[in-house]
Amino acid sequence: MNHRTPAALPPVTLDDVRGAQKMLSGVARVTAMEGSRHLSQLVGAPVHLKCENLQRTGSFKLRGAYVRIAGLLPEERAAGVVAASAGNHAQGVALASSLLGVRSTVFMPKGAPLPKISATRDYGAEVRLHGQVVDETLAAAQEYAAETGAVFIHPFDHPDIIAGQGTVGLEILEQCPEVRTVVVGIGGGGLAAGIATAVKTLRPDVRIVGVQAEGAAAYPPSLAAGRPVAVEHPATMADGIKVGRPGDVPFRIIGDLVDEVRTVTEDELAAALLLCLERAKLVVEPAGASPVAALLSDPRSFEGPVVAVLSGGNVDPVLLQRVLRHGMAAQGRYLAVRLRLTDRPGALASLLGALSVVDANVLDVSHVRTDPRLGLTEAEVELHLETKGREHCAEVGEALRAAGYTVIG
């Protein structure tokens, strides 16, 4: 961590965050903090989950958007606001604008999940679909702002946005005053910068750990270079932190106040999302689960008590289904096997009987009878099984071989 000099003080102060907290009273929820027994056992210290997935609009974004729009001059409000987002920021801007009586236009990528498009409209914004990726959508929104005079509301690169997000940090200290480590996902950096401003000013002994998706990790090379560096073609299912370049304003704060930035893999994100759903009974999007993924990847490296910030819960049901299946497969709870058997009546029933003995649940069965590699009386069967873990997978394989089946994949 870099030592600050008076000339390098961050553009957001504790007073700014406290002012934002007063402004958000009655607007944003003070979200719950839930203990996690499972994570606490892994870490060897108390772990608490800060549930911003239960915030209005399903993420922390309302906080910063409301503070930013509330701070506009009357003539700026009259011109309306415009934003670009694939989901969470869009909904935050839409609701904040409606609450403040400001007209809002939100540009979203053409491939944005339908539930997020619908929710943004329901919160009162005019939605315009443009571009295939957020960068194209962002350019369209900025062009619209230049043409119409509408105020562009950046998702993370503005002091008011950061001050609003920093109210999460004040709540953490109020709800868990003994906290030693805060773990928070980083995309552009607004949430991490705001939390770090609040927490480090009041409790400089608390360690702040940022988390990025491995395929969209712009902060490690940027911090090494001492300036924001863009990552070309960021790739991750965690769209909430899929940002190719750090914001200039949050980068300065994070470089000064955040102690460490870690990266997590897609498999770790999937496992974390599954854990939140199964163990904590919380629906969390991949970006929101990134702090939990960091805890799972190296649990004993965190000093407790730990607070992991679940930044959002706006996960597309289609993605959720895919992630859950991937997460279960990574834990050895799905098994796909191919084997050959004699193509005669009762052969499949015998195979299923062998599987029932070892308590493997059959999800899907497919037959192949026309492959030239098969003998005249042979059939190839592919089975998709639900299992109880890697040891159970091995047990299933042994049971099939013991029953005389040749497993070929």
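For the structure itself, consult the block above.
Note on numbering: residues in each chain are counted from 1, in written sequence order. With the structure being a predicted model, the display of local features is reserved for residues of pLDDT at least 70 and the display and counting of side-chain atom pairs for 80 or more, all residues being used for whole-chain, interface and lining totals. Derived side-chain values reflect all non-hydrogen atoms in the structure, with water molecules and hydrogen atoms excluded from consideration.

Spatially, the six strands line up as an open sheet ordered S1-S2-S10-S7-S8-S9, and their pairing is mixed. On the outer flanks of this sheet lie strand S1 (33-35) and strand S9 (260-264), each paired with one strand and no other. Going across the sheet, the axis of each strand differs from the next one's by a mean of 25 degrees, ignoring polarity. Alignment of strand S2 (residues 47-51) against strand S10 (residues 306-310), held across five bridges, turns out to be parallel. By the bridge assignment for S10, Val47 is matched with Val306. Here a residue-residue contact requires only that any non-hydrogen atoms of the pair lie within 4.5 Å. Helix axes are fitted only over the stretch in contact, all axes being lines through C-alpha atoms; the angle between N-to-C directions runs from 0 to 180 degrees. Secondary structure elements follow DSSP: runs of H or I no shorter than four residues count as helices, runs of E no shorter than two count as strands, and numbering proceeds from the N terminus. Here helix H8 (residues 159-175) sits on the sheet and contacts S1, S2, strand S7 (181-185) and S10; the angle it forms with S2, its principal contact strand, is near 140 degrees. On top of the sheet, helix H12 (residues 266-279) reaches strand S8 (207-213), S9 and S10; it is set at about 90 degrees to S9, its chief contact. Following DSSP output, two strands are said to pair if at least two bridges run between them.

Turning our eyes to something else, we now look at the pattern of salt bridges. Where charged atoms from two side chains of opposite charge come close, those side chains can pair. Within this document, salt bridges are pairs made up of a side-chain nitrogen of Lys or Arg and a carboxyl oxygen of Asp or Glu, the two lying within 4 Å of each other. What the rule picks out here adds up to 15 salt bridges. Residue Lys388 is joined to Asp359 by a salt bridge in which the shortest nitrogen-to-oxygen separation is 2.5 Å. One end of the pair, Lys388, is in the loop between strand S13 (378-386) and helix H16 (390-402); the other, Asp359, is in the loop between helix H15 (347-357) and strand S12 (361-368), and 29 residues separate them in sequence. Exposure remark for Lys388: the relative accessible area of 59% places this residue in the exposed category. Among the charged side chains, a network of salt bridges with common partners joins Lys50, Glu52, Arg63 and Glu171. Type-normalised accessible area, obtained with a 1.4 Å probe on protein chains alone, sets the label of each residue: buried when under 20%, exposed when over 50%, and partly exposed for intermediate values.

With that out of the way, let us pick up the pairing of S10. The buried fraction of S10 is high, at five of five residues. Of the two faces of S10, both are covered, the one formed by Val306, Ala308 and Leu310 as well as the one formed by Val307 and Val309. Taken together, the three bridges between S7 and S10 define a ladder with parallel strand orientation. Bridging from a neighbouring strand, Val182 pairs with Val307 of S10.

Next up on the list: the sheet that holds strand S3 (residues 81-84). Taken in spatial order, the four strands make up an open sheet running S5-S4-S3-S6, and their pairing is parallel. At either margin of the open sheet sits one strand with a lone partner, and together these are strand S5 (126-129) and strand S6 (151-152).

Following Gly304, the chain continues into Pro305 via a peptide bond in cis, with omega recorded as 0 degrees. Mapped onto the secondary structure, Pro305 falls in the loop between helix H13 (290-297) and S10. Positive phi values are uncommon outside glycine, yet Thr57 reaches one of about 70 degrees.

This part takes up the packing of H12 against H13. Running from N to C, H12 and H13 point in directions that differ by 105 degrees, and their axes come no closer than 8 Å. Viewed along their axes, H12 and H13 adopt a mutual orientation that is roughly perpendicular. The segment H12 lies against H13, with Glu268, Leu269, Ala271, Ala272, Leu275 and Cys276 engaging Ser290, Val292, Ala293, Leu296 and Ser297. Per-class residue counts for the contact of H12 with H13 are eight nonpolar, two polar and one charged. An angle below 35 degrees is read as roughly parallel, one above 145 as roughly antiparallel, one from 65 to 115 as roughly perpendicular, and any other as oblique. Residues were grouped as follows: Ala, Val, Leu, Ile, Met, Phe, Trp, Tyr, Cys and Pro as nonpolar; Asp, Glu, Lys and Arg as charged; and all remaining residues, including Gly, as polar.

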